[in-house]
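Coordinates in review
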Amino acid sequence: MRNSRPSLIRPATFPESLSSPVVTPLSPSVVYASDSPDELDAQYEGRAQGYTYAREGHPNADVLAARLDAMEGVQGGIVTGSGMAAVSAVMMGLLKAGDHVVGGDQLYGRSLRLMTQDLPRLGIATTLADPTDAASLAAAIRRETRMILVEVVSNPTLRVADMDGLARLARERGVLLVVDNTFTTPRAYRPFEAGADIVIHSVTKLLAGHSDVTLGYAVARDADLQKAIYDFAVTTGLTPSPFDCWLAERGLATFDLRFERAQQSAAALADHLATLPGVARVLYPMREDHPDAARARALLGDQGCNMVSFELAGGRAAANAFTRAAQGLAFAPTLGDVGTTLSHPASSSHRAMDPAARAALGMSEGFFRVSVGLEDIDALRAVFTEAVAAAQAA
Ligand SMILES: *Cc1c(COP(=O)(O)O)cnc(C)c1O
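A word on the packing of aromatic side chains
If you walk through the whole model with that rule in mind, you get eight aromatic pairs. The interplanar angle of 35° and the centroid separation of 5.7 Å between the aromatic rings of Phe255 and Phe259 together place this pair among those described as tilted. Of this pair, Phe255 and Phe259 both sit in helix α10 (residues 255–275), four residues apart, which is roughly one turn of the helix. Accessibility classification places Phe255 together with Phe259 in one group, the buried group. One aromatic cluster is present, formed by Phe310, Phe322, Phe368 and Phe384 through successive ring pairs.

Topic: the domain arrangement of the protein chain
The domains assigned to the protein chain are domain 1 (58–252) and domain 2 (255–393). Inter-centroid distance (C-alpha atoms) of domain 1 to domain 2 is 25 Å. Contacts between the two partners involve 30 residues from domain 1 and, on the opposite side, 32 residues from domain 2. For the pair domain 1 and domain 2, the summed buried area comes to about 2800 Å², and 62% of that belongs to carbon and sulfur atoms. Across the contact surface, domain 1 and domain 2 share three salt bridges. Counting only elements with at least two residues in the side of domain 1 that touches domain 2, the list comes to α6 (163–173), α7 (185–188) and α9 (242–252).

Notes on the nonpolar core
Core analysis: the largest hydrophobic core is formed by 82 residues, its most contacted members being Leu273, Phe310, Phe322 and Phe384. Take this core: its biggest share by element is six residues, from α10. If we ignore the near neighbours within four places in the chain, the residues touching Phe322 are Phe310, Leu312, Leu342, Phe368, Phe384, Ala387, Val388 and Ala391. By size, the runner-up hydrophobic cluster in this structure holds 28 residues, among which are Val101, Met147, Val178 and Leu238.

Structural notes on the pairing of strand β5 (residues 176–180)
Burial runs high along β5: five of the five residues are buried. By the alternation rule, side chains of β5 split into Leu176, Val178 and Asp180 and Leu177 and Val179, which are all buried. In this region the chain leaves strand β4 (residues 145–151), passes through α6 and returns to the parallel neighbour β5; the handedness of that crossover is right-handed. Note: β5 against strand β6 (residues 198–202), three bridges, orientation parallel. Bridging from a neighbouring strand, Val178 pairs with Ile198 of β6.

A short note on the side chain of Ser309
Within the element layout of this structure, Ser309 appears in strand β9 (residues 307–312). You can call Ser309 buried: its relative accessible area is 0%. Here Ser309 is in contact with Pro156, Leu158, Arg281, Val282, Leu283, Phe367, Phe368 and Arg369, once residues within four sequence places are set aside.

Rules used throughout
Residues numbered from 1 in each chain as written. Predicted model: local features only at pLDDT ≥ 70, side-chain atom pairs only at ≥ 80, totals over all residues. Heavy atoms only, no water. Phe/Tyr/Trp six-rings, centres within 6.5 Å; stacked < 30°, edge-to-face > 60°. Helix = DSSP H or I, 4+ residues; strand = E, 2+ residues; numbered from the N terminus. Buried < 20%, exposed > 50% of the residue type's maximum accessible area, 1.4 Å probe, protein only. Domains from an automatic or database assignment. Contact = heavy atoms within 4.5 Å. Buried area = accessible area lost by both parts, 1.4 Å probe. Salt bridge = Lys/Arg side-chain N within 4 Å of Asp/Glu carboxyl O. Core = buried A, V, L, I, M, F, W, Y, C linked by side-chain atoms within 4.5 Å. Right-handed = clockwise from strand over helix to strand, strands pointing away. Pairing = 2+ DSSP bridges.

Below, the structure is given as structure tokens:
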């Protein structure tokens, strides 16, 4: 990188060093100064690489995007200010009034809101369908359908989508298959290898992993689609902060280790919960008693996921007693942190849902979703044993 030019207001130049920094430098500069209009021409015309204005791109976003590209086995992805910014850039950058989209019926809450409220307001029709059954989703496809948006493992019921069936369907019907790979991560599932056209991540979650940034990522295999996603993100200002990108890159350095450990602990915790009196039901995709166990094994191999859901007998009173007794675990609506977090869908992510519809999905007042972190597994087992006992006593 070139030294900053001396200026009247910021006279200091950066000290020269023959040796280079080991850690990626943080570049908070919003603007980049050029030597001359000729040099700017060279940049804009692609004859020289360079930055102009941070909303259009900056080094820390590009360094992070390149690392995420490598993980997904693709090129040209962009980092956005949040996972929802990535979802929005893909949908609103590629769809137009008159188009139709089919979405999974258990998408992330704000993705569902985009599908059911915002897109229809802009003239884009949407239908929600069950992604675990490609045949039933096929019935929702129309002549104007342009896109299918699914998550591989749903939140919080941890159902596994029929990804192979959906990829076949998308190919046969000429529809873009968009995969939100947040829960599964490229370590457990690689959507492009399975036939996806576009991949989205909330980098906020497992990839960055420390609950100190919100970031997203979107990448299309096709360069023209990617250009449209990029232009929409730049125009509407979905740009990430350099510091957030820098932090996420630091988090990513330990991602493989964190994921490995968290999913192993999740599998062990799921088995432990299933032995506790007071736990009515455990959901973990890699357990034999999960409705999608065979598919989970086929798609996720031995990786599984770090999420476990379970149902306490005893409703809201048991739920209150459980979170109060679960000392050392954050009762907080996020996932993928280094620490284990508990989420209670009925009072948070799914509170707006009609209670009957919620019950139909199996989310009673006793239903919890656990994002398993990096704590010692014996310590985790002990906390859950104690908190479930407290819930039973309530
Ligand atoms: C959290 C999440 C999002 C949204 O990401 P933000 O970074 O919070 O905007 C999208 N999809 C899934 C599956 C998520 O878990």
